[in-house]
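# Topology and contacts: notes
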Amino acid sequence: MEGFEVIRSRRRTMAVEVTREGRVLVRVPLRTSDAAVRRFVADQTAWIEKAKARQRARLEAHPEPDAARSEQLLHRACQELPPKVAAYAQRMGLRPTGITITSARTRFGSCSPKNRLCFSWRLMDYPEEAIDYVVVHELAHIVHKNHGPQFWALVEQYMPDYRARRDLLRE
């Protein structure tokens, strides 16, 4: 396979990553031979092609918005997310310490150790059901800071169809 970038570091294993833009990054230990890297990439060709196809489909479904669209999504996030968080927080009996709207590209939401919730304005480009799922997911992190069985049980308690909603984010 042609067209991949090798990143050498003090790691112990080899890994391959396909970026959002479709670039193939191969992370390897410092002293790994070029031949070993080529063999590894050849062994991963099928996975790499599937990952590239997934990234192309994701980019087609959700292209990078222009400045005007970005501003529109940011405004919508600032208007809609705080009331959603407040409503679900009340139902769940939780109190986040604050809400921040970010321009994160790789995650739709997060919960800090101090229970401050962050949401990407890019989330607003998804269906309402998916947005609600992310809100409940992040609120559940106030109680459980991991993705263990108790965390998922809490999410399911307030959103029994969370799996279907989560799948909307992966389309």
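Higher on the page you've got the structure.
Core analysis: the biggest nonpolar cluster contains 32 residues, and Met92, Phe119, Tyr133, Leu139 and Val155 have the highest contact counts within it. Going through the elements one at a time, helix H3 (67–92), strand E6 (116–120), helix H4 (128–143), helix H5 (149–158) and helix H6 (162–169) are the ones with two or more residues in this core. Considering every element that reaches this core, the biggest residue donor is H4, with nine residues. Apart from the residues lying within four places of it in its own chain, the contact partners of Met92 are Val136, Leu139, Ala140, Leu154 and Tyr158.

Here the focus is the sheet that holds E6. The strand order across the open sheet formed by three strands is E4-E6-E5, and the pairing between neighbours is mixed. This sheet does not close on itself; its edge strands, each paired only once, are strand E4 (98–102) and strand E5 (109–111). Averaged over neighbouring strand pairs, the angle between their axes works out to 15 degrees when direction is ignored. As defined by bridge partners, E5 adjoins E6 across three bridges and the pair is classed as antiparallel. Looking at E6, one finds that Gly109 is bridged to Phe119.

Taken as a whole, the largest pocket holds about 970 Å³ of empty space. If you trace the largest pocket, you find 36 residues lining it, with Arg20, Arg105, Thr106, Arg107 and Phe108 closest to the centre. Elements with a contribution of two residues or more to the lining of the largest pocket: strand E2 (15–18), helix H2 (45–61), E5, H4 and H6. If you tally residues by element for the lining of the largest pocket, the top one is H4, at five residues. Each residue belonging to the lining of the largest pocket can be placed in one class, and the counts come to 14 nonpolar, ten polar and twelve charged.

Take the sheet that holds E2 next. Ordered by their spatial adjacency, three strands build an open sheet running E1-E3-E2, and the pairing between neighbours is mixed. Both outer strands of the open sheet, strand E1 (4–9) and E2, are each paired with one neighbouring strand and no more. Pairwise comparison of adjacent strand axes, ignoring direction, gives a mean angle of 25 degrees for this sheet. As paired strands, E2 and strand E3 (residues 24–29) are joined by four bridges and run antiparallel to one another. Looking across to E3, one finds that Val18 is bridged to Val24. Along the sheet, H2 makes contact with E2 and E3, crossing E2 at roughly 25 degrees.

If you check which residues of H5 are buried, you get Phe151, Trp152, Leu154, Val155 and Tyr158. Along the axis of H5, the buried residues cluster in a sector spanning 155 degrees; they form a single face. Opposite the packed face of H5, turned more than 90 degrees from it, sit the exposed residues Pro149, Gln150 and Gln157.

In this section: the environment of His147. Summarising the element assignment, His147 is placed in the loop between H4 and H5. Looking at His147, the relative accessible area reads 48%, which means it is partly exposed. Taking the C-alpha atoms as reference points, His147 and Tyr133, separated by 14 residues in sequence, lie 14 Å from one another. If near-sequence neighbours (up to four positions away) are discounted, His147 is found in contact with His137, His141 and Trp152. Among the polar contacts made by the side chain of His147, one reaches the side chain of His141 at a distance of 3.2 Å.

Calculation criteria
Residues numbered from 1 in each chain as written. Predicted model: local features only at pLDDT ≥ 70, side-chain atom pairs only at ≥ 80, totals over all residues. Heavy atoms only, no water. Core = buried A, V, L, I, M, F, W, Y, C linked by side-chain atoms within 4.5 Å. Buried < 20%, exposed > 50% of the residue type's maximum accessible area, 1.4 Å probe, protein only. Helix = DSSP H or I, 4+ residues; strand = E, 2+ residues; numbered from the N terminus. Contact = heavy atoms within 4.5 Å. Pairing = 2+ DSSP bridges. Axes fitted to C-alpha atoms, helices over the stretch in contact; angles between N-to-C directions. 1 Å grid on protein atoms, 1.4 Å probe; cavity = no way out; pocket = protein on both sides within 12 Å on 5 of 7 lines; lining within 4 Å. Points joined across faces, edges and corners; volume = space filled by probe spheres on them. Nonpolar A, V, L, I, M, F, W, Y, C, P; charged D, E, K, R; others polar. Arc of directions from axis to C-beta. Polar contact = N/O pair within 3.5 Å; in protein donor to acceptor, adjacent residues only side chain to side chain.

Worth remembering: the numbers are spatial, not functional.
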